[in-house]
Amino acid sequence: MVAVKPHNFRQWGLIGLAAVFLLVMLVLPLILVASEALAKGWQVYLDALNEPFARKALFLTLEATVAAVLGNTVFGLASAWLLTKYDFRGKAFWSSLLDLPFAISPVVAGLLFVILFGRMSPIYPFLRAEHIAIIFAVPGIILATVFVTFPFITRELVPIMEAQGRSEEEAAATMGASGWTIFRRVTLPNIKWALIYGVILCTARALGEFGAVSVVSGHIRGKTNTLPLHIEILYNEYNFTAAFAVASILVILAVVILILRNLVEWRAKRGLRNGN
Amino acid sequence: MAIEVELKHIHKNFGTFKASDDVNLTVEKGKLIGLLGPSGSGKTTILRMIAGLEHPDSGDIFIAGKRVNDLPAGRRGIGFVFQNYALFRHMTVRENIAFGLKVQKVPPKEIKARVDKLVELIGLAEFDGRYPQQLSGGQRQRVAFARALAPEPELLLLDEPFAAIDAKVRKELRQWLRATIHQLGITSIFVTHDQDEAVEVADDIIITNHGHVEQAGPPAAIYQHPETPFVADFIGESVHVPDYTVFKGFSNGAGSHEGILRPEFLEIAADEEEILMPLAAEQGTVKAVYFRGSNVQVAVEVKGQLLHGWRSLEKKPLHEGDKALVLIHRVYSFAGGKTQIIENSAKQEESVVI
């Protein structure tokens, strides 16, 4: 690509418009979060973060994220493998079903889980008898997070696995490799970077999930409050400094993920050049 | 000679498409076989079924006398070279070749010795630390060949092995592959849609069309005695004529008069001096002349029928619209479902007169 310098009014105008848009939509909010969080000084900021409910919310968010990422990694690998290495009836249907979480509103997804596992559910008596709490409890939050982040890894993997075809796996099979060996020694190294990229996207989405989790959580402080829910509660209580302080954690996590994402992209490109 | 591969009454459908429609074939041990046919004729499906990468709907596959229908690909004792090579992109040349041996838990010392021998065989000893992307097409092809050979298979299967290589390298590689396979003595089957390649490389050719075998045999036999209209048409650059009895010397054909003419059956002359038997020749008009490097191909219209023939560059050049004399030596006829070679009778008459 050749870098062309803008030279007329129209081009400068368009660039200016984009810059203003970026400033208003992305940069200013970030600055605002930081300044609001530190408005009453470092001590208040640290206290807000150290508060037990905030810490608990952070741990719950991390717990749900780790569970969602682990679950979706396994599931994403399996479904991408299925979609690209095998032909079967209903493949197109399966493929479009995977995108359902992208299309459906997270709130609706949350409601689905409430209907499925809540008091109105036909299996509720059974759950109750077995003392299994799903709605208004941690399992519900994890389920909701898994649901909304469901397609990320599969969608990253399918195009690259489709482009790579099946012949490397077939070659390994003709040499007597087992399914597991083929996956571990042939498929996995080929999709490594796409997989990591998918995991990062999935993590970013899981950390910030609000809608679906909000419906199933029940907002019990110290028990079923994730970070985004905790921020909402603080904000509704007019505790702005604490709300922004906690929000800054999510911002920092987001920035770390962005850096990781760029590192992975850069590394994957370099790997491609070295024929790796 | 011992039979290495045998297919009996193989049927295979992909949806409504009949990829194999009662395929029967045998391959003798130690032979290099070319599976030749137009695209969509089912040749790759046959190869993949022998390998165990596809499964027939019905019929039996035997390798070395053993029915292998239910054996997975990895236990059939075959090596497979894929059309796009399918080298493991994240492994070096050495690692690619060693893969099959590692999977079979061969001791590392033996692996090293065998890989050393193979990189030597394919002439890539200096490049054994490179990744597939750093190799040329011809080099990748040779790595794929070595990788397939490493576990010492009974049978080597190659799917369009030269399709993705440029013309010059392809010629060299054909010779190399033929020589190497004969030197190793391994039974091999390769798929191709290119008849020159099949004729040049294979000991025997099996011609497929619409999912079944049309004819099998040595290249020369197939060339000279095509058993079906399809083979006569497919092999060589043939021209169909709806009625060959319109031509001089072929007036007394019986039954169906449909025939096939090959360029080498024709002699195209600029004038009477150039031709031995001018009386047996037809008058024609040159319609097009194509330069083909070592000779020219001439399209000439005779009695409303466009025929193709070769002409030496040493002879007087012909141009579009020129009059020409065309001597038709022989015609393939398929009256009654049997192949017949019909010779020009006017030729014989003329020689009697002189």
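On a predicted model such as this, the values are computed, not experimentally measured, just so you know.

Quick look at the overall build of chain B now. Within chain B, the regular secondary structure consists of nine helices and 19 strands. Residue burial in chain B is summarised as follows: out of 354 residues, 52% are buried. Taking the intrachain contacts of chain B between residues at least 6 apart in sequence as the baseline, contacts between residues at least 24 apart amount to 64%. Carbon and sulfur atoms make up 51% of the accessible area of chain B, which totals about 16,300 Å².

This next bit is on the environment of Trp81(A). With respect to the helices and strands, Trp81(A) occurs in helix H3 (residues 52-85). When the C-alpha positions of Trp81(A) and Thr187(A) are compared, they lie 9.0 Å apart, and in sequence the two are 106 residues distant.

Take the interface of chain B and chain A next. One widely used convention gives an interface's size as the accessible area the parts lose upon coming together. Listed per partner, the contact involves 24 residues of chain B and 19 residues of chain A. Interface area lost by chain B to chain A is led by Arg89(B), His90(B) and Phe99(B), which between them contribute 32%. Taken together, chain B and chain A are joined by two salt bridges. Across the salt bridge formed by Glu168(A) and Arg89(B), the nearest N and O atoms sit 2.7 Å from each other. The interface formed by chain B and chain A includes six residue pairs in polar contact (both at pLDDT 80 or more). Residue assignment for the side of chain B that touches chain A shows that the elements contributing at least two residues are strand S6 (78-81) and helix H2 (93-103) of chain B. Per element, the largest residue contribution to the side of chain B that touches chain A is four residues, and it comes from H2(B). A per-class count over the side of chain B that touches chain A returns 13 nonpolar, seven polar and four charged.

Residues and elements named next belong to chain B. Judged by pairing direction, the sheet is antiparallel, and its five strands sit side by side in the order S13-S17-S14-S15-S16 without closing on themselves. Unpaired on one side and paired on the other, strand S13 (266-269) and strand S16 (305-312) mark the two borders of the sheet. This sheet shows a mean twist of 40° between the axes of neighbouring strands, independent of strand direction.

Moving on: the side chain of Asn190(A). Here Asn190(A) lies in helix H11 (residues 179-208). According to the relative accessible area criterion, Asn190(A) is buried, its value standing at 10%. A distance of 3.4 Å separates a polar side-chain atom of Asn190(A) from the backbone oxygen of Val186(A). Leaving out residues up to four positions away in the same chain, Asn190(A) has contacts with Ile160(A), Gln164(A), Glu168(A), Arg89(B) and His90(B).

To continue, consider the packing of aromatic side chains. Enumeration according to the criterion identifies 15 aromatic pairs over all chains in this entry. When the ring of Tyr235(A) is compared with that of Phe240(A), the centres are 5.2 Å apart and the planes differ by 55°; the resulting orientation is tilted. An aromatic cluster is built from Phe75(A), Trp94(A) and Phe150(A), whose rings are joined through pairwise contacts. The ring of Phe88(B) has Arg147(B) lying over it, and the distance from NZ or CZ to the ring centre is 4.5 Å. The lysine or arginine in question, Arg262(B), covers the ring of Tyr223(B), its NZ or CZ lying 4.4 Å from the ring centre.

Further remarks concern unusual backbone geometry. Residue and element names in this part refer to chain B. Although it is not a glycine, Ala64 sits at a positive phi angle of roughly 50°. Checked against the element boundaries, Ala64 lands in the loop between strand S4 (58-63) and strand S5 (66-67). Of note, Glu152 is a non-glycine position whose phi angle comes to about 50°, a positive value. Within the secondary structure layout, Glu152 lies in the loop between helix H4 (137-149) and strand S7 (155-159). With relative accessibility at 58%, the residue Glu152 sits in the exposed group.

As recorded in UniProt, the feature "domain: ABC transmembrane type-1" (unreviewed entry) lies at residues 58-261 of chain A. Taken end to end, residues 58-261 of chain A is 79% helix and 0% strand, and its first and last C-alpha atoms sit 22 Å apart.

A word on the pattern of salt bridges. Residue and element names in this part refer to chain B. Evaluation of the coordinates by the stated rule reveals 28 salt bridges over all chains. Close ionic contact of Glu154 with Lys29 constitutes a salt bridge, the shortest N to O distance being 3.8 Å. Remark: Lys29 occurs in the loop between strand S2 (17-28) and strand S3 (32-36) and Glu154 occurs in the loop between H4 and S7; sequence separation between them is 125 residues. Note on Lys29: relative accessible area 40%, which makes it partly exposed. One salt bridge connects Glu200 with Arg174, and the closest N-O pair in it is separated by 2.9 Å.

Here the focus is the packing of H3(A) against H11(A). All names here are of chain A. H11 packs onto H3 with a crossing angle of 140° between their chain directions and a minimal axis gap of 9 Å. Regarding the angle of H3 to H11, the classification is oblique. For the crossing formed where H3 meets H11, the hand is right-handed. When H3 is examined against H11, the residues Thr61, Leu62, Thr65, Val69, Asn72, Thr73, Leu77 and Trp81 are found in contact with a partner set consisting of Ile182, Phe183, Thr187, Leu188, Ile191, Leu195, Val199, Cys202, Thr203, Ala206 and Leu207. Of the residues in the contact of H3 with H11, the class split is 13 nonpolar, six polar and no charged.

Before going further, it helps to examine H2(B). Residues and elements named next belong to chain B. For H2, a buried count of eight out of eleven residues is recorded, marking the element as mostly surrounded by other parts of the structure. Of all the positions in H2, only Val93, Asn96, Ile97, Ala98, Phe99, Gly100, Leu101 and Val103 are classed as buried. Directly beyond the C-terminal end of H2, a positive phi value near 60° is found at Lys105.

Residues and elements named next belong to chain B. Each assigned domain of chain B is listed here: domain 1 (3-226) and domain 2 (239-353). Spacing between the C-alpha centres of domain 1 and domain 2 amounts to 40 Å. Domain 1 puts four residues into the contact, and the matching count from domain 2 is five residues. Carbon and sulfur atoms make up 43% of the area that domain 1 and domain 2 hide from each other, which totals about 380 Å². Of all residues in domain 1, Tyr223, Gln224 and Pro226 give up the largest surface area on contact with domain 2, accounting jointly for 93% of the area buried on that side.

Neighbouring strands of a sheet are bound in pairs by backbone hydrogen bonds; such pairs are parallel or else antiparallel. Residue and element names in this part refer to chain B. Read from one edge to the other, the open sheet built from four strands follows the order S11-S12-S18-S19, with strand pairing classed as antiparallel. Sheet topology places strand S11 (239-241) and strand S19 (340-343) at the edges, where each strand pairs with a single neighbour. Averaged over all neighbouring strand pairs, the angle between strand axes comes to 35°, with direction disregarded. Relative to strand S12 (residues 259-261), S11 runs antiparallel, the two sharing three bridges. Note that in S12 the partner of His240 across the bridge is Ile260.

What counts, and where the lines are drawn
- Counting starts from 1 at the beginning of each chain's written sequence and moves along it residue by residue.
- Here every chain gets a letter starting at A, and every ligand a number starting at 1, in the order they are written.
- Only residues with pLDDT of 70 or above have their local features reported here, since the model is predicted, and side-chain atom pairs are shown and tallied only from 80 upward, although totals for entire chains, interfaces and linings are computed over all residues.
- The basis for the side-chain values is all heavy atoms of the structure; hydrogens and waters are excluded.
- Going along the chain from the N terminus, every DSSP run of H or I of four or more residues is numbered as a helix, and every run of E of two or more is numbered as a strand.
- Summary of the burial criterion: residues with accessible area below 20% of their type's maximum are buried, those above 50% are exposed, and those between are partly exposed, where the area comes from a 1.4 Å probe applied to protein chains only.
- Whether two residues touch is decided by their heavy atoms; if any such pair falls within 4.5 Å, the residues are in contact.
- To measure how exposed things are, a 1.4 Å probe is used in the Shrake-Rupley method; for residues, cover is taken only from the protein chains shown.
- Note: buried area is the sum, over both parts, of the accessible area (probe 1.4 Å) each one loses when the two are combined.
- Salt bridge, as used here, is a side-chain nitrogen of Lys or Arg placed within 4 Å of a carboxyl oxygen of Asp or Glu.
- Whenever a nitrogen or oxygen atom comes within 3.5 Å of another N or O atom, the pair is scored as a polar contact, on the condition that within protein one atom can donate a hydrogen and the other can accept it, and that pairs from neighbouring residues in sequence are kept only if both atoms are in side chains.
- Asp, Glu, Lys and Arg are counted as charged, while Ala, Val, Leu, Ile, Met, Phe, Trp, Tyr, Cys and Pro are counted as nonpolar; the rest, among them Gly, fall into the polar class.
- Whether two strands pair depends on DSSP finding at least two bridges between them.
- Here an axis means a line fitted to C-alpha atoms, over the contact stretch when the element is a helix, while the angle between two N-to-C directions is reported on a 0 to 180 degree scale.
- Aromatic rings from Phe, Tyr and Trp, taking only the six-membered ring of Trp, are treated as a pair when their centres fall within 6.5 Å; an angle between ring planes under 30 degrees marks them as stacked, one over 60 as edge-to-face, and anything in between as tilted.
- For a Lys NZ or an Arg CZ to count as sitting over a ring, it must be within 6 Å of the ring centre and within 35 degrees of the ring normal.
- UniProt positions are given in the numbering used here, feature names are shortened, and annotations may be inferred rather than shown by experiment.
- Should an angle lie under 35 degrees it is considered roughly parallel, over 145 roughly antiparallel, and from 65 to 115 roughly perpendicular; all remaining angles are considered oblique.
- Helix crossings get a hand from a simple test, with the near helix turned counterclockwise from the far one by less than a right angle marking a left-handed crossing and a clockwise turn marking a right-handed one.
- For the domains described, the bounds stem from an automatic or database domain assignment.

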